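# Structural overview for review
Each chain is listed here by its residues.
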Amino acid sequence: MKVGVLGSGQLALMLAQASVGTDIEVVPIGHKILDKLDLYCSPIYGDMNDPILLEKFLAQVDVVTYETENVAIDLLKIISKTTQVWPGLNVLEVFQDRLLEKQYFERLSIPVATYHDVSQSADIDKAAEHVGFPGILKTRRDGYDGKGQAIVNSKEELAAAWDKFERIACILEGFVSFSGEVSVIAVRGTDGNSIFYPITENIHCDGILRLSTKIGESDLQAVAESYAQKIMEDRDYVGCMAIEFFVVDGTLVANEVAPRVHNSGHWTIGGTDASQFANHLNAITGKPLVSPTALSAVAMINFISELPNPSELNVGAQSLFHDYGKENRPLRKVGHLTLLGEGVDPKDFYQQIAKALTVSGEDALASEIMSRHVQ
Ligand code: AMP
């Protein structure tokens, strides 16, 4: 079976890698970013909105999925006329837009931060009053990795930030003083069966994920799963999904849904016997899902802007080094490291994580990990 992927970045690469040795062939479409992709599949390079290229793509594939939620709905509507798209249009329509997403969470009684629409001048006063400060102004669409976001501390700063965003549709969110961030990865098949991965604790800097850890079991697992289940049943979801949460007073406040394979699930390659990528492919091709068994302790460190020297990453724990083969660029994800800590004492494992963070230039985060978990 041939799976078309809208996008040709590292998530398409990891899907293609997961297809090796199966009867599934992955066909990404998009501009050439990674030379490596050609090692695992035969991508169609170019603009996916080009009708001739799109026709060539659709002639080859049995089902279509995407590696980013920022694909044009109109394009998906065209594709859906001839080819099954998973997750479906009813999913993207909600999760592409931060306002609809927040309203949707509320409809399903999933807690969210206070928010208000900022789409016209009159909304500035209303949003300031309803949400208060500090707050985060976010563009409703097309934001990722902290892009299209500004922290604002007053009505004047809110108005200035909205001007800077050229007055496009935004929302103002209350600044959540969380004790941590976690995410859950869930996958649902065409038969309605779902599986869940253990939740990870995530640390972001400048809006970009730097570290995900899964060490032992979390008390928040059941509630995270119940929220994911609610959404997947409501949308008749097929495929992999991540929900990112803030932890506030030991409860979960939903931040956002990524209706696709997700960075905070990269640890599932090597950290489980069935990765999020393998199960996403299983789901969208109608195959049974594999209920994953996870190692007791795993961590994933993102490499941002540039890769460290792999030979310096010998921190004790078994590790898997992923080089996406991208050019270095500020704030770009260029690779990641998964540390496998099965049977390792948690304190020792955190020390190994801190060591790897130091090698990758994340000194401040390394110190934070040491002071929180080791000293
Ligand atoms: P997002 O693009 O919404 O996932 O935001 C990226 C990161 O910015 C989150 O993972 C948080 O670390 C931070 N962030 C986003 N929204 C808020 C908020 N309302 N309060 C506090 N921090 C936030």
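In this report, the structure presented in the accompanying data block is examined. Throughout this description, residue numbers start from 1 for each chain and increase along the sequence as written. Only residues with pLDDT of at least 70 get local features here, since the model is predicted, and only at 80 or more are side-chain atom pairs given and counted; chain-wide, interface and lining totals rely on the full set of residues. Calculation of side-chain values draws on the structure's entire complement of heavy atoms; hydrogens and water are dropped beforehand.

## Focus: a nonpolar patch on the surface
- Judged by side-chain polarity, Val20, Leu39 and Tyr40 come together as a nonpolar surface patch covering roughly 310 Å² of accessible area.
- Comment: elements are numbered from the N terminus, with helices defined as DSSP H or I runs of at least four residues and strands as E runs of at least two. Looking at the secondary structure, you find Leu39 in helix α2 (residues 37-40). Think of a patch as exposed residues, more than 30% relative accessible area, with no salt bridge, where like charges cluster within 9 Å and nonpolar side chains (Val, Leu, Ile, Met, Phe, Trp, Tyr) cluster within 5 Å. Areas reported as accessible are Shrake-Rupley estimates using a 1.4 Å probe. Residue values count occlusion only from the protein chains shown. By definition here, a salt bridge exists when the distance from a side-chain nitrogen of Lys or Arg to a carboxyl oxygen of Asp or Glu is within 4 Å.

## Thoughts on the site of the ligand
- Throughout this document, a residue counts as near a molecule or strand when at least one of its heavy atoms sits within 4 Å of that molecule or strand. In the neighbourhood of the ligand, 15 residues make up the surrounding shell, with Lys138, Gln149, Val176, Glu181 and Glu256 lying closest.
- At a separation of 2.6 Å, an oxygen atom of the ligand approaches a polar side-chain atom of Glu181.
- At 3.1 Å, a side-chain N or O of Asn255 approaches an oxygen atom of the ligand.
- For the ligand, whose unbound accessible area comes to 480 Å², protein coverage reaches 93%. Polar contacts here mean pairs of N or O atoms no more than 3.5 Å apart (in protein, one a potential hydrogen donor and the other a potential acceptor; neighbouring residues in sequence count only if both atoms are side-chain atoms).

## Topic: the sheet that holds strand β1 (residues 2-6)
- Read across the sheet, five strands follow the order β3-β2-β1-β4-β5 without closing on themselves; strand pairing throughout is parallel. Of all the strands in the sheet, just β3 (44-45) and β5 (84-85) have a single pairing partner and so form its edges.
- Paired strands, as defined in this entry, are two strands with at least two bridges between them according to DSSP. The pairing of strand β2 (residues 25-30) with β3 spans two bridges and is classified as parallel. In the sheet register, Gly30 faces β3, and the bridge partner there is Tyr45.

## Let's talk about the packing of helix α7 (residues 122-131) against helix α8 (residues 155-164)
- All axes here are fitted lines through C-alpha atoms, helices being fitted over the stretch that makes contact, and every angle between N-to-C directions spans 0 to 180 degrees. At a minimum axis distance of 10 Å, the contact between α7 and α8 shows a crossing angle of 135 degrees. The orientation of α7 with respect to α8, classified from their angle, is oblique. In this structure, α7 meets α8 at a crossing whose hand is right-handed. On the side of α7, the interface is formed by Ile124, Asp125, Ala127 and Ala128, while α8 contributes Lys155, Leu158, Ala159 and Trp162.
- For the contact of α7 with α8, the per-class residue count stands at six nonpolar, no polar and two charged. Each angle receives one of four descriptions, namely roughly parallel if under 35 degrees, roughly antiparallel if over 145, roughly perpendicular if within 65 to 115, and oblique otherwise. Left-handed describes a crossing in which the near helix is turned anticlockwise from the far one by less than a right angle; the clockwise case is right-handed. Throughout, a contact is declared for two residues whenever any of their heavy atoms are within 4.5 Å. Just so you know the grouping, Ala, Val, Leu, Ile, Met, Phe, Trp, Tyr, Cys and Pro go in nonpolar, Asp, Glu, Lys and Arg go in charged, and all remaining residues, Gly too, go in polar.

## With respect to the sheet that holds strand β6 (residues 115-118)
- Read across the open sheet, the four strands follow the order β6-β9-β7-β8; overall the sheet is antiparallel. Looking along the sheet, the strands with just one partner apiece sit at the ends: β6 and β8 (149-152). Here the strands of the sheet are splayed against their neighbours by 25 degrees on average, with no regard to which way each runs.
- Sheet analysis places strand β7 (residues 135-139) next to strand β9 (residues 170-174), joined by five bridges and oriented antiparallel. Directly across from Leu137, in β9, lies its bridge partner Leu172.

## What about helix α11 (residues 276-284)?
- Of all nine residues in α11, eight are buried, a share of seventy percent or more.
- Buried, partly exposed and exposed residues are distinguished by accessible area as a fraction of the type maximum, computed with a 1.4 Å probe on protein chains only: under 20%, between the cut-offs, and over 50%, respectively. What α11 keeps buried is the set Gln276, Phe277, Asn279, His280, Leu281, Asn282, Ala283 and Ile284.
- Positive phi shows up at Gly286, right after α11, with a value of about 80 degrees.

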